[in-house]
Amino acid sequence: MELEIDYRWRAELSDEALVVLTASHGGRVEPGWWDRVREHSLGWVSAHRDDATLIGFANVAWDGGDHAFLLDPKVRPDHQRLGIGTELVRRAAAAASDAGCEWLHVDFEPHLRGFYFDACGFRSTDAGVMYLRSRAGSFGLH
């Protein structure tokens, strides 16, 4: 029997459900994170088994204009390599486009290049990032 997956845009999700999902794949668990972040999101895509268990998630933040940002995508390890992550990204991109965004940005670790570039259709671009915790106190601001 094939697994039925229910994908939802902006579904009600509890902080607890996201803590469990994050812990399932060894991510850094931070209770209260979702309660703080949710109000700043354009939206999010979630994937649920037919018993309503949360098995996948991707958050979409935005700048209020043309740029959306794919954040915190995750799929339970026992459900990976089934196309769920790719479908989460596809739906996140479609929702961002429907909201009027022209660009979807993503940052990722090098071992995920194949997923984002090959499976999801992102392309490499010049970008910059600054790790702020390593620069604490070096901006000369008090």
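Residues numbered from 1 in each chain as written. Predicted model: local features only at pLDDT ≥ 70, side-chain atom pairs only at ≥ 80, totals over all residues. Heavy atoms only, no water.

Moving on, we get to the nonpolar core. If you look at the biggest cluster of nonpolar residues, it comprises 20 residues, and the most contacted ones within it are Ala47, Val60, Leu70, Ile84, Leu88, Ala96 and Phe122. In terms of residue count, the dominant contributor to this core is helix α3 (residues 84–98) (five residues). Leaving out residues up to four positions away in the same chain, Val60 has contacts with Trp9, Ser41, Leu42, Gly43, Trp44, Ala68, Phe69, Ala92 and Ala96. With eight residues, the next largest nonpolar core counts Leu21, Trp44, Leu54 and Phe57 among its residues. (Core = buried A, V, L, I, M, F, W, Y, C linked by side-chain atoms within 4.5 Å. Buried < 20%, exposed > 50% of the residue type's maximum accessible area, 1.4 Å probe, protein only. Helix = DSSP H or I, 4+ residues; strand = E, 2+ residues; numbered from the N terminus. Contact = heavy atoms within 4.5 Å.)

Strand order in the open sheet formed by five strands is β1-β2-β3-β4-β5, with mixed pairing between adjacent strands. The open sheet terminates on both sides in strands that have one partner only, identified here as β1 (5–9) and β5 (103–106). The mean angle between the axes of side-by-side strands here comes to 20 degrees, regardless of whether they run parallel or antiparallel. Where strand β3 (residues 54–62) lies against strand β4 (residues 67–75), six bridges are found, and the strand directions are antiparallel. Within the sheet, the bridge partner assigned to Asn59 lies in β4 and is Leu71. Contacts between helix α1 (residues 15–24) and the sheet are confined to β3 and β4, with β3 contributing the most and set at about 105 degrees to the helix. (Pairing = 2+ DSSP bridges. Axes fitted to C-alpha atoms, helices over the stretch in contact; angles between N-to-C directions.)

Right, let's talk about the packing of aromatic side chains for a bit. Under the counting rule described, the total for this entry stands at eight aromatic pairs. Ring geometry for Phe108 against Tyr116: centres 4.9 Å apart, planes inclined by 20 degrees, an arrangement best described as stacked. Among the aromatic residues, those joined into a ring-pair cluster are Phe108, Phe115, Tyr116, Phe117 and Phe122. If you follow Lys74 out to its NZ or CZ, it ends over the ring of Trp33, 5.8 Å from the centre. (Phe/Tyr/Trp six-rings, centres within 6.5 Å; stacked < 30°, edge-to-face > 60°. Lys NZ or Arg CZ within 6 Å of the ring centre and 35° of its normal.)

Looking at the element boundaries, Arg38 is found in the loop between α2 (33–37) and β2 (41–49). Measuring from C-alpha to C-alpha, the distance between Arg38 and Arg10 comes to 9.6 Å, with 28 residues separating the pair along the chain.

With that out of the way, let us pick up the environment of Pro73. Relative to the assigned elements, Pro73 resides in strand β4. Residue Pro73 is classed as partly exposed on the basis of its relative accessible area of 31%. Sequence-wise, Pro73 and Val89 are 16 residues apart; in three dimensions their C-alpha atoms are separated by 8.0 Å. Contact partners of Pro73, with chain neighbours within four places excluded, come to Phe57, Ala58 and Tyr116.

Here we come to α3. Given 3.6 residues to a turn, an α-helix orients residues that are three or four positions apart in the same direction. Spanning 15 residues, α3 covers 21 Å between terminal C-alpha atoms, matching the ideal 21 Å at 1.5 Å per step. Considered for burial, the residues of α3 that qualify are Ile84, Gly85, Glu87, Leu88, Val89, Ala92, Ala95 and Ala96. Tucked inside the fold, the buried residues of α3 contact β1, β2, β3, β4 and α4 (113–119). One or two residues past the end of α3 sits Gly100, with phi positive at roughly 100 degrees. (Expected span 1.5 Å × (residues − 1).)

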